[in-house]
Amino acid sequence: MYSIHKNNLSSYLSDWKIMINIVNKLLKKDKYEPSQTPKTFQAIANKTLDLSVMLRYLDSNLIILENSKSPPKIDYQAYADAIVFLQASYLFYHILLDTLAGVIAYFYTKNERINLPHSFHDLLKKSKNCNKFPEDLNFILEKPHIWFPEFKERGVGLVHHYKSFLIFLKKNKSGEYTLEHSNRSLGNKFRNYGEIRKYIGFLSCEHQKLIDNLLDHFDSKFKSWYRVDIGKASRTSTMMEWNSASMLWWAVKYGGYEDPNLVFRK
């Protein structure tokens, strides 16, 4: 399976670099940017792939557990692997958000002399507490202000407070089995985080919505920053094979993400 989508940040940044090089050649000087690709731009593609690979392996192991349907038949290797890939997905998702913050910081530092944090958490914090924070960027960060704090709390628990996850089967009213997850701490205190597929799908959906809004925002800002007029119609349709497309698949199937320009094909 592979996907075709126009709202791909890595492709968008590659197109931006080509566009800037063309403008610089026409002007016969490097007015805007050097020919070297910023490290944050390179990292976006790598970190997106890393998370997508984790989600693909998570999905494979969840399928095995979902087909078990009763504790005596559980594949304990798949159970252990699913916990590892679930925890890794949380951590890689946070890394991807921090990389995205680095991309935003790059453009605002270069074009508006505004120093923004390279941490997504610090970016949200500064947007609330700094009078000089770009107002047009605040709109894009409205939704993350709602869901990111809880997500971050879970990640901090994994990294700094020695917590881990438990996965358990739950039978719903329709008689179907779903997999839910909870935290497990040294004090044996448990908190149910709900269905795994539902929450990871939600995160994937929110990430893609954030990218969609950010690309629209950049379309507008590039007019004033670089004197170029671009928009959705001119974006490159990017084909991604399954390893890179699994995050989008989670966003659509379990997060409810919709975009008429997104297509999945076998």
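Values in this document were obtained by computation on a predicted structure and should not be read as measured data.

Calculation rules
- Residues numbered from 1 in each chain as written.
- Predicted model: local features only at pLDDT ≥ 70, side-chain atom pairs only at ≥ 80, totals over all residues.
- Heavy atoms only, no water.
- Pairing = 2+ DSSP bridges.
- Helix = DSSP H or I, 4+ residues; strand = E, 2+ residues; numbered from the N terminus.
- Axes fitted to C-alpha atoms, helices over the stretch in contact; angles between N-to-C directions.
- Contact = heavy atoms within 4.5 Å.
- Phe/Tyr/Trp six-rings, centres within 6.5 Å; stacked < 30°, edge-to-face > 60°.
- Buried < 20%, exposed > 50% of the residue type's maximum accessible area, 1.4 Å probe, protein only.
- Lys NZ or Arg CZ within 6 Å of the ring centre and 35° of its normal.

Draft legend 1. Up close: the sheet that holds strand E6 (residues 263-265). Ordered in space as E5-E1-E6, the 3 strands form an open sheet in which the pairing is antiparallel. Every interior strand has two partners, whereas the edge strands, strand E5 (238-241) and E6, have only one. Between one strand axis and the next, the sheet turns through 20° on average, direction left out of account. Where strand E1 (residues 2-5) lies against E6, 3 bridges are found, and the strand directions are antiparallel. Paired with isoleucine 4 across the two strands is valine 263, which belongs to E6. Contacts from helix H8 (residues 242-253) reach E1, E5 and E6, with the element oriented near 100° to E5.

Draft legend 2. View of the packing of aromatic side chains. For the coordinates displayed, the defined rule picks out 31 aromatic pairs. Both rings, one in tryptophan 147 and one in phenylalanine 148, keep their centres 6.2 Å apart while their planes meet at 70°; by these two values the pair is edge-to-face. As far as burial versus exposure is concerned, tryptophan 147 and phenylalanine 148 are alike and both buried. The structure contains a cluster of three or more aromatic residues connected by ring pairs, namely Tyr12, Trp16, Phe41, Tyr106, Phe107, Tyr108, Phe218, Phe222, Trp225 and Tyr226. The lysine or arginine in question, arginine 154, covers the ring of tyrosine 193, its NZ or CZ lying 3.9 Å from the ring centre.

Draft legend 3. Inspection of the side chain of threonine 99 at higher detail. Take threonine 99: it is sitting in helix H3 (residues 76-112). The exposure class assigned to threonine 99 is buried, which follows from its relative accessible area of 11%. For threonine 99, the contacting residues outside a window of four places in its chain are Thr40, Ala43, Ile44 and Lys47.

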